[in-house]
Amino acid sequence: MTEMETGAVTDRTPDAVTDPVQVEAVVDRAAGAVVDRVTPRRGRPAQVGRPGRPVEPGPAVELTGVTKVFNPGRPDEVTALRGVDLTVGRGEFVSLIGPSGCGKSTLLRLVADLVPATGGTVRVADRSARQARRELAYGIAFQQAGLLDWRTVTRNVELPLELRGLSRRDRRTKAREMLDLVGLADFAGHYPDQLSGGMQQRVAIARALAVDPPLLLMDEPFGALDEMTRERLQDELLRICAGKGTSTVFVTHSIPEAVYLSDRVVVMSARPGRIVEIVDVALGERTEATRQSNAFFAGITRVRQALRGTSPEAPA
Ligand SMILES: Nc1ncnc2c1ncn2[C@@H]1O[C@H](COP(=O)(O)OP(=O)(O)OP(=O)(O)O)[C@@H](O)[C@H]1O
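Here the structure is a predicted model, which means the values were calculated and not measured.

(A) Representation of the nonpolar core within the structure. Among the nonpolar cores identified, the biggest contains 74 residues, and Val-111, Ala-206, Leu-217 and Val-303 are the most heavily contacted of them. Ranked by the residues each element gives to this core, the list is headed by helix α7 (residues 197-209), at 6 residues. Residue-level mapping places this core at the junction of two domains, with at least three residues from each of domain 1 (1-39 + 151-212) and domain 2 (78-137 + 214-310). Beyond its immediate chain neighbours, meaning those up to four positions away, Val-303 contacts Ile-97, Ile-255, Ala-258, Val-259, Val-265, Val-267 and Val-279.

Shown next as C-alpha coordinates:
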(Lines give C-alpha, C1' and ligand atoms only; values in the text may rest on other atoms or scores of the structure.)
Protein backbone atom coordinates (compact mmCIF):
# COMPACT_ATOMS: atom_id res chain seq x y z
CA MET A 1 0.00 0.00 0.00
CA THR A 2 1.37 3.38 -0.94
CA GLU A 3 1.81 6.30 1.38
CA MET A 4 -1.05 8.05 -0.35
CA GLU A 5 -3.41 5.13 0.10
CA THR A 6 -2.65 4.88 3.79
CA GLY A 7 -3.25 8.59 4.12
CA ALA A 8 0.23 9.04 5.55
CA VAL A 9 1.31 12.63 5.62
CA THR A 10 5.04 12.38 5.54
CA ASP A 11 6.90 14.49 3.01
CA ARG A 12 8.28 13.31 -0.29
CA THR A 13 11.82 14.34 0.57
CA PRO A 14 13.31 15.21 3.91
CA ASP A 15 11.99 18.65 4.65
CA ALA A 16 14.81 21.13 4.41
CA VAL A 17 12.61 23.82 5.89
CA THR A 18 12.39 23.03 9.55
CA ASP A 19 13.34 26.38 10.99
CA PRO A 20 10.14 28.43 11.30
CA VAL A 21 12.00 31.53 10.12
CA GLN A 22 12.96 29.68 6.97
CA VAL A 23 9.43 28.43 6.66
CA GLU A 24 8.18 31.97 6.65
CA ALA A 25 10.74 32.86 4.04
CA VAL A 26 9.19 30.19 1.86
CA VAL A 27 5.70 31.46 2.56
CA ASP A 28 6.84 34.95 1.62
CA ARG A 29 8.34 33.61 -1.56
CA ALA A 30 5.08 31.87 -2.32
CA ALA A 31 3.41 35.25 -1.97
CA GLY A 32 5.86 36.65 -4.52
CA ALA A 33 7.37 39.15 -2.17
CA VAL A 34 10.67 39.73 -0.52
CA VAL A 35 10.25 40.97 3.01
CA ASP A 36 12.34 40.94 6.14
CA ARG A 37 12.00 37.91 8.35
CA VAL A 38 9.76 37.70 11.35
CA THR A 39 10.99 35.77 14.33
CA PRO A 40 8.24 33.41 15.38
CA ARG A 41 6.80 33.85 18.81
CA ARG A 42 8.48 32.05 21.63
CA GLY A 43 6.74 30.64 24.65
CA ARG A 44 3.06 29.85 24.65
CA PRO A 45 1.67 28.91 21.27
CA ALA A 46 -0.53 31.52 19.70
CA GLN A 47 -4.23 30.90 20.00
CA VAL A 48 -5.92 29.50 16.96
CA GLY A 49 -9.67 29.66 16.47
CA ARG A 50 -12.27 32.24 17.22
CA PRO A 51 -13.58 30.97 20.52
CA GLY A 52 -12.20 33.15 23.24
CA ARG A 53 -10.75 35.71 20.89
CA PRO A 54 -11.86 39.09 22.11
CA VAL A 55 -13.96 41.02 19.63
CA GLU A 56 -11.92 44.09 18.82
CA PRO A 57 -13.54 47.40 18.01
CA GLY A 58 -12.72 49.49 14.96
CA PRO A 59 -12.35 48.63 11.28
CA ALA A 60 -10.48 45.62 9.89
CA VAL A 61 -8.51 47.84 7.49
CA GLU A 62 -8.16 51.61 7.31
CA LEU A 63 -6.22 53.38 4.56
CA THR A 64 -5.90 57.14 4.82
CA GLY A 65 -4.39 59.27 2.05
CA VAL A 66 -2.28 56.37 0.85
CA THR A 67 0.18 56.97 -1.96
CA LYS A 68 2.62 54.49 -3.43
CA VAL A 69 5.48 55.52 -5.68
CA PHE A 70 7.83 52.81 -6.94
CA ASN A 71 11.45 53.76 -7.71
CA PRO A 72 11.04 57.40 -6.63
CA GLY A 73 13.41 59.86 -8.27
CA ARG A 74 14.53 57.35 -10.89
CA PRO A 75 13.71 57.41 -14.59
CA ASP A 76 11.49 54.37 -14.06
CA GLU A 77 9.48 56.05 -11.27
CA VAL A 78 5.87 54.83 -11.17
CA THR A 79 3.08 56.35 -9.11
CA ALA A 80 0.91 53.30 -8.55
CA LEU A 81 -1.59 54.76 -6.06
CA ARG A 82 -2.54 58.30 -5.15
CA GLY A 83 -4.64 59.54 -2.24
CA VAL A 84 -6.45 56.31 -1.44
CA ASP A 85 -8.90 56.39 1.48
CA LEU A 86 -10.66 53.13 2.28
CA THR A 87 -12.19 51.56 5.34
CA VAL A 88 -13.11 47.88 5.50
CA GLY A 89 -15.42 46.99 8.38
CA ARG A 90 -15.12 43.88 10.52
CA GLY A 91 -16.67 40.93 8.77
CA GLU A 92 -17.08 42.90 5.56
CA PHE A 93 -16.27 41.49 2.10
CA VAL A 94 -14.77 44.16 -0.16
CA SER A 95 -13.58 43.63 -3.74
CA LEU A 96 -11.14 45.82 -5.67
CA ILE A 97 -11.67 46.13 -9.41
CA GLY A 98 -10.13 48.38 -12.04
CA PRO A 99 -8.05 48.46 -15.22
CA SER A 100 -4.86 46.43 -15.44
CA GLY A 101 -2.00 48.23 -13.69
CA CYS A 102 -4.24 50.49 -11.61
CA GLY A 103 -2.67 49.34 -8.35
CA LYS A 104 -5.04 46.69 -7.00
CA SER A 105 -2.29 44.24 -6.09
CA THR A 106 -0.17 47.06 -4.74
CA LEU A 107 -2.99 48.12 -2.46
CA LEU A 108 -3.34 44.57 -1.16
CA ARG A 109 0.42 44.31 -0.61
CA LEU A 110 0.41 47.56 1.33
CA VAL A 111 -2.23 46.13 3.66
CA ALA A 112 -0.16 42.95 4.00
CA ASP A 113 2.96 45.07 4.66
CA LEU A 114 4.74 43.36 1.79
CA VAL A 115 5.58 46.81 0.39
CA PRO A 116 5.73 50.07 2.36
CA ALA A 117 3.50 53.07 1.60
CA THR A 118 5.19 56.22 0.30
CA GLY A 119 2.63 58.44 2.02
CA GLY A 120 -0.47 58.14 4.18
CA THR A 121 -1.27 55.53 6.78
CA VAL A 122 -2.27 51.87 6.63
CA ARG A 123 -3.91 50.40 9.72
CA VAL A 124 -4.93 46.77 10.13
CA ALA A 125 -7.16 45.92 13.09
CA ASP A 126 -6.09 49.14 14.76
CA ARG A 127 -2.42 48.32 14.43
CA SER A 128 0.23 49.38 11.96
CA ALA A 129 0.44 47.08 8.95
CA ARG A 130 3.90 46.05 10.20
CA GLN A 131 2.59 45.04 13.59
CA ALA A 132 -0.33 43.14 12.03
CA ARG A 133 2.11 41.16 9.89
CA ARG A 134 4.26 40.37 12.89
CA GLU A 135 1.17 39.05 14.63
CA LEU A 136 0.23 37.05 11.51
CA ALA A 137 -3.12 38.79 11.74
CA TYR A 138 -4.19 37.92 8.22
CA GLY A 139 -4.18 35.08 5.72
CA ILE A 140 -3.09 35.52 2.11
CA ALA A 141 -4.09 33.66 -1.04
CA PHE A 142 -2.81 34.65 -4.46
CA GLN A 143 -3.56 33.59 -8.01
CA GLN A 144 -0.74 31.09 -7.90
CA ALA A 145 -1.61 28.71 -5.11
CA GLY A 146 2.00 28.92 -3.92
CA LEU A 147 2.06 25.45 -2.39
CA LEU A 148 5.31 23.73 -1.50
CA ASP A 149 5.45 20.81 -3.88
CA TRP A 150 7.56 18.60 -1.62
CA ARG A 151 5.02 18.78 1.18
CA THR A 152 1.77 16.89 1.36
CA VAL A 153 -1.52 18.77 1.31
CA THR A 154 -1.79 18.43 5.08
CA ARG A 155 1.70 19.75 5.68
CA ASN A 156 1.10 22.71 3.37
CA VAL A 157 -1.95 23.65 5.42
CA GLU A 158 0.10 23.23 8.59
CA LEU A 159 2.74 25.77 7.54
CA PRO A 160 1.28 28.87 9.21
CA LEU A 161 0.49 26.80 12.29
CA GLU A 162 4.15 25.81 12.54
CA LEU A 163 5.02 29.48 12.46
CA ARG A 164 2.77 29.98 15.43
CA GLY A 165 4.46 27.23 17.35
CA LEU A 166 1.49 24.89 17.62
CA SER A 167 2.15 21.32 18.64
CA ARG A 168 2.22 18.66 15.95
CA ARG A 169 -1.04 17.21 17.25
CA ASP A 170 -2.86 20.53 17.26
CA ARG A 171 -1.56 21.30 13.78
CA ARG A 172 -2.80 18.01 12.46
CA THR A 173 -6.23 18.45 14.03
CA LYS A 174 -6.61 21.96 12.64
CA ALA A 175 -5.37 20.97 9.17
CA ARG A 176 -7.89 18.12 9.06
CA GLU A 177 -10.68 20.50 10.03
CA MET A 178 -9.68 22.99 7.31
CA LEU A 179 -9.41 20.29 4.66
CA ASP A 180 -12.88 19.09 5.62
CA LEU A 181 -14.11 22.63 5.21
CA VAL A 182 -12.81 22.93 1.64
CA GLY A 183 -13.85 19.37 0.75
CA LEU A 184 -10.38 17.91 0.44
CA ALA A 185 -10.22 15.56 3.41
CA ASP A 186 -9.64 12.60 1.09
CA PHE A 187 -6.57 14.26 -0.40
CA ALA A 188 -4.68 15.00 2.80
CA GLY A 189 -1.78 12.76 1.85
CA HIS A 190 -1.51 13.89 -1.75
CA TYR A 191 1.14 16.22 -3.12
CA PRO A 192 0.22 19.45 -4.92
CA ASP A 193 1.15 18.14 -8.36
CA GLN A 194 -1.36 15.33 -7.89
CA LEU A 195 -4.21 17.83 -7.60
CA SER A 196 -6.09 19.90 -10.17
CA GLY A 197 -5.62 23.67 -10.25
CA GLY A 198 -8.92 24.19 -8.47
CA MET A 199 -7.98 21.73 -5.74
CA GLN A 200 -4.63 23.46 -5.27
CA GLN A 201 -6.44 26.75 -4.84
CA ARG A 202 -8.66 25.18 -2.20
CA VAL A 203 -5.55 23.97 -0.36
CA ALA A 204 -4.17 27.51 -0.51
CA ILE A 205 -7.45 28.83 0.88
CA ALA A 206 -7.42 26.20 3.62
CA ARG A 207 -3.87 27.27 4.49
CA ALA A 208 -4.84 30.94 4.53
CA LEU A 209 -7.78 30.17 6.82
CA ALA A 210 -5.98 27.69 9.08
CA VAL A 211 -4.97 30.30 11.64
CA ASP A 212 -8.52 31.62 11.62
CA PRO A 213 -7.31 35.02 10.48
CA PRO A 214 -9.63 37.90 11.20
CA LEU A 215 -8.60 39.28 7.79
CA LEU A 216 -8.21 37.49 4.47
CA LEU A 217 -6.30 39.12 1.58
CA MET A 218 -6.93 37.50 -1.79
CA ASP A 219 -5.40 38.51 -5.12
CA GLU A 220 -7.29 36.91 -8.01
CA PRO A 221 -7.32 33.56 -6.26
CA PHE A 222 -9.75 32.06 -8.78
CA GLY A 223 -8.34 33.77 -11.86
CA ALA A 224 -6.95 30.63 -13.47
CA LEU A 225 -9.95 28.40 -12.85
CA ASP A 226 -12.74 27.26 -15.13
CA GLU A 227 -16.08 28.96 -14.63
CA MET A 228 -17.84 26.12 -12.82
CA THR A 229 -15.01 25.56 -10.36
CA ARG A 230 -14.78 29.28 -9.86
CA GLU A 231 -18.46 29.60 -8.97
CA ARG A 232 -18.26 26.67 -6.59
CA LEU A 233 -15.23 28.13 -4.82
CA GLN A 234 -16.93 31.52 -4.60
CA ASP A 235 -19.79 29.88 -2.72
CA GLU A 236 -17.37 27.97 -0.48
CA LEU A 237 -15.46 31.14 0.29
CA LEU A 238 -18.62 33.05 1.18
CA ARG A 239 -19.79 30.23 3.41
CA ILE A 240 -16.45 30.08 5.22
CA CYS A 241 -16.15 33.84 5.65
CA ALA A 242 -19.73 34.19 6.85
CA GLY A 243 -19.30 31.31 9.27
CA LYS A 244 -16.16 32.73 10.80
CA GLY A 245 -16.93 36.44 10.49
CA THR A 246 -13.78 36.95 8.42
CA SER A 247 -13.12 40.36 6.85
CA THR A 248 -11.95 40.01 3.25
CA VAL A 249 -10.23 42.21 0.68
CA PHE A 250 -10.46 40.51 -2.70
CA VAL A 251 -8.84 41.58 -5.98
CA THR A 252 -10.52 40.47 -9.19
CA HIS A 253 -10.86 41.36 -12.87
CA SER A 254 -14.32 39.86 -13.03
CA ILE A 255 -17.27 42.20 -12.52
CA PRO A 256 -19.77 39.35 -11.83
CA GLU A 257 -17.35 37.81 -9.33
CA ALA A 258 -16.88 41.12 -7.51
CA VAL A 259 -20.64 41.74 -7.36
CA TYR A 260 -21.52 38.20 -6.30
CA LEU A 261 -19.01 38.05 -3.46
CA SER A 262 -18.99 41.54 -2.06
CA ASP A 263 -20.75 43.80 0.36
CA ARG A 264 -19.00 46.66 -1.46
CA VAL A 265 -17.10 46.86 -4.74
CA VAL A 266 -14.29 49.42 -4.85
CA VAL A 267 -13.85 50.71 -8.40
CA MET A 268 -10.43 52.14 -9.19
CA SER A 269 -9.21 54.44 -11.96
CA ALA A 270 -6.35 53.75 -14.34
CA ARG A 271 -2.87 54.47 -12.96
CA PRO A 272 -2.19 56.27 -10.76
CA GLY A 273 -4.92 54.30 -9.04
CA ARG A 274 -7.57 56.23 -7.16
CA ILE A 275 -10.94 55.12 -5.91
CA VAL A 276 -13.54 56.49 -8.30
CA GLU A 277 -16.57 54.89 -6.74
CA ILE A 278 -17.62 52.41 -4.10
CA VAL A 279 -20.67 50.39 -5.13
CA ASP A 280 -22.80 48.94 -2.34
CA VAL A 281 -24.14 45.49 -3.13
CA ALA A 282 -27.12 44.14 -1.25
CA LEU A 283 -27.74 40.63 -2.54
CA GLY A 284 -28.60 39.11 0.83
CA GLU A 285 -28.02 35.41 1.26
CA ARG A 286 -26.56 33.90 -1.91
CA THR A 287 -28.63 31.04 -3.33
CA GLU A 288 -28.95 29.24 -6.64
CA ALA A 289 -31.22 32.06 -7.81
CA THR A 290 -28.84 34.91 -6.96
CA ARG A 291 -26.83 34.75 -10.17
CA GLN A 292 -30.05 35.14 -12.16
CA SER A 293 -31.56 37.84 -9.99
CA ASN A 294 -32.33 41.41 -11.03
CA ALA A 295 -30.33 42.71 -8.07
CA PHE A 296 -27.25 40.83 -9.30
CA PHE A 297 -27.56 42.22 -12.84
CA ALA A 298 -28.22 45.70 -11.48
CA GLY A 299 -25.01 45.47 -9.43
CA ILE A 300 -23.06 44.39 -12.50
CA THR A 301 -24.43 47.33 -14.49
CA ARG A 302 -23.51 49.79 -11.76
CA VAL A 303 -19.95 48.52 -11.50
CA ARG A 304 -19.59 48.50 -15.29
CA GLN A 305 -20.81 52.09 -15.46
CA ALA A 306 -18.41 53.12 -12.72
CA LEU A 307 -15.54 51.48 -14.58
CA ARG A 308 -16.48 53.39 -17.70
CA GLY A 309 -16.83 56.59 -15.73
CA THR A 310 -20.45 56.86 -16.84
CA SER A 311 -22.09 56.29 -13.51
CA PRO A 312 -24.29 59.21 -12.42
CA GLU A 313 -22.66 58.87 -8.99
CA ALA A 314 -19.11 59.16 -10.33
CA PRO A 315 -17.42 62.49 -9.64
CA ALA A 316 -17.45 64.84 -12.63
N1 LIG B 1 7.79 46.26 -7.47
C2 LIG B 1 7.45 47.16 -8.39
N3 LIG B 1 8.38 47.98 -8.92
C4 LIG B 1 8.03 48.91 -9.83
N5 LIG B 1 6.78 49.10 -10.28
C6 LIG B 1 5.83 48.30 -9.80
C7 LIG B 1 6.11 47.29 -8.82
N8 LIG B 1 4.94 46.66 -8.52
C9 LIG B 1 3.99 47.23 -9.26
N10 LIG B 1 4.52 48.22 -10.03
C11 LIG B 1 3.79 49.09 -10.95
O12 LIG B 1 2.71 49.65 -10.23
C13 LIG B 1 1.56 49.73 -11.06
C14 LIG B 1 0.43 48.99 -10.38
O15 LIG B 1 0.72 47.60 -10.39
P16 LIG B 1 -0.26 46.53 -9.75
O17 LIG B 1 0.34 45.19 -9.95
O18 LIG B 1 -0.59 46.92 -8.38
O19 LIG B 1 -1.57 46.71 -10.65
P20 LIG B 1 -2.86 45.80 -10.76
O21 LIG B 1 -4.03 46.73 -10.79
O22 LIG B 1 -2.86 44.75 -9.72
O23 LIG B 1 -2.63 45.16 -12.19
P24 LIG B 1 -3.25 43.84 -12.86
O25 LIG B 1 -4.74 44.02 -12.86
O26 LIG B 1 -2.69 43.84 -14.24
O27 LIG B 1 -2.81 42.66 -12.05
C28 LIG B 1 1.94 49.13 -12.40
O29 LIG B 1 2.26 50.20 -13.28
C30 LIG B 1 3.17 48.31 -12.09
O31 LIG B 1 4.04 48.27 -13.19
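(B) Region of the structure containing the domain arrangement of the protein chain. Taken domain by domain, the protein chain holds domain 1 (1-39 + 151-212) and domain 2 (78-137 + 214-310). Each partner contributes to the interface: domain 1 provides 18 residues, whereas domain 2 provides 16 residues. At 7 residues, α7 tops the list of elements feeding residues into the side of domain 1 that touches domain 2. Here the side of domain 1 that touches domain 2 is built from residues that sort into 12 nonpolar, 3 polar and 3 charged.

(C) Up close: the site of the ligand. Near the ligand you find 13 residues, and of these Phe-70, Ala-80, Ser-100, Ser-105 and Thr-106 are the closest. Going through the elements one at a time, β2 (78-88) and α3 (104-111) are the ones with two or more residues in the shell around the ligand.

(D) Inspection of the sheet that holds strand β10 (residues 275-280) at higher detail. Judged by pairing direction, the sheet is mixed, and its 6 strands sit side by side in the order β6-β7-β8-β3-β9-β10 without closing on themselves. Each edge of the open sheet carries a strand with a single partner, namely β6 (138-142) and β10. Taken over all neighbouring pairs, the strand axes of this sheet differ in orientation by 15° on average, direction set aside. Relative to β10, strand β9 (residues 264-268) runs antiparallel, the two sharing 5 bridges. In the strand pairing of β10, Arg-264 is matched with Asp-280.

(E) Spatial organisation of the UniProt feature "domain: ABC transporter" (unreviewed entry) in the protein chain. Here the UniProt feature "domain: ABC transporter" (unreviewed entry) sits at residues 61-295. Between the C-alpha atoms that bound residues 61-295 the distance is 27 Å, and the span itself is 34% helix and 26% strand.

(F) Main features of the pairing of strand β3 (residues 93-97). For β3, the tally of buried residues reaches 5 of 5 residues, placing the bulk of the element in the interior. Residues of β3 alternate between two faces, with Phe-93, Ser-95 and Ile-97 on one and Val-94 and Leu-96 on the opposite face, all of them buried. Here 4 bridges tie β3 to strand β8 (residues 247-251), and the two strands are oriented parallel to one another. Residue Val-94 lies in a different strand from β8, and its bridge partner there is Val-249. Relative to β9, β3 is paired through 4 bridges, and the arrangement is parallel. Bridging across to β9, Val-94 finds its partner in Arg-264.

(G) Region of the structure containing the packing of α7 against helix α8 (residues 227-244). Direction vectors running N to C along α7 and α8 enclose 15°, while the axes themselves pass 11 Å from each other. The orientation of α7 with respect to α8, classified from their angle, is roughly parallel. Every pair of crossing elements has a handedness; the one defined by α7 and α8 is right-handed. Side by side, α7 and α8 meet where Gly-198, Gln-201, Arg-202, Ile-205 and Leu-209 of the first sit next to Thr-229, Leu-233, Leu-237 and Ile-240 of the second.

(H) Up close: the confidence of the model for the protein chain. Looking at the protein chain, the pLDDT average stands at 82 and 80% of residues meet or exceed 70. Predicted confidence is poor over residues 14-26, with pLDDT under 50, and the contacts of this stretch with residues over four places away or in other chains come to 18 contacts. Counting contacts from residues 28-54, a segment whose pLDDT is below 50, to residues more than four positions away or on other chains yields 42 contacts. Our summary of model confidence lists the complex with pTM equal to 0.81 and ipTM equal to 0.98.

(I) Layout of the sheet that holds β2. Spatially, β2-β1-β4-β5 is the arrangement adopted by the 4 strands of the open sheet, whose pairing is antiparallel. A strand with exactly one partner marks an edge of an open sheet, and here the two such strands are β2 and β5 (127-128). In this structure, strand β4 (residues 119-124) lies alongside β5, joined through 2 bridges in antiparallel fashion. Counted as the bridge partner of Val-124 is Arg-127 from β5.

What counts, and at which threshold
Residues numbered from 1 in each chain as written. Predicted model: local features only at pLDDT ≥ 70, side-chain atom pairs only at ≥ 80, totals over all residues. Core = buried A, V, L, I, M, F, W, Y, C linked by C-beta atoms within 7 Å. Buried ≥ 20, exposed ≤ 12 C-beta atoms within 10 Å, placed from the backbone. Helix = DSSP H or I, 4+ residues; strand = E, 2+ residues; numbered from the N terminus. Domains from an automatic or database assignment. Contact = placed C-beta atoms within 7 Å. Nonpolar A, V, L, I, M, F, W, Y, C, P; charged D, E, K, R; others polar. Near = placed C-beta within 6 Å. Pairing = 2+ DSSP bridges. Axes fitted to C-alpha atoms, helices over the stretch in contact; angles between N-to-C directions. UniProt positions renumbered as here; feature names shortened; annotations may be inferred. Parallel < 35°, antiparallel > 145°, perpendicular 65-115°, else oblique. Left-handed = near helix turned anticlockwise from the far one by under 90°. pLDDT = per-residue confidence, 0-100.

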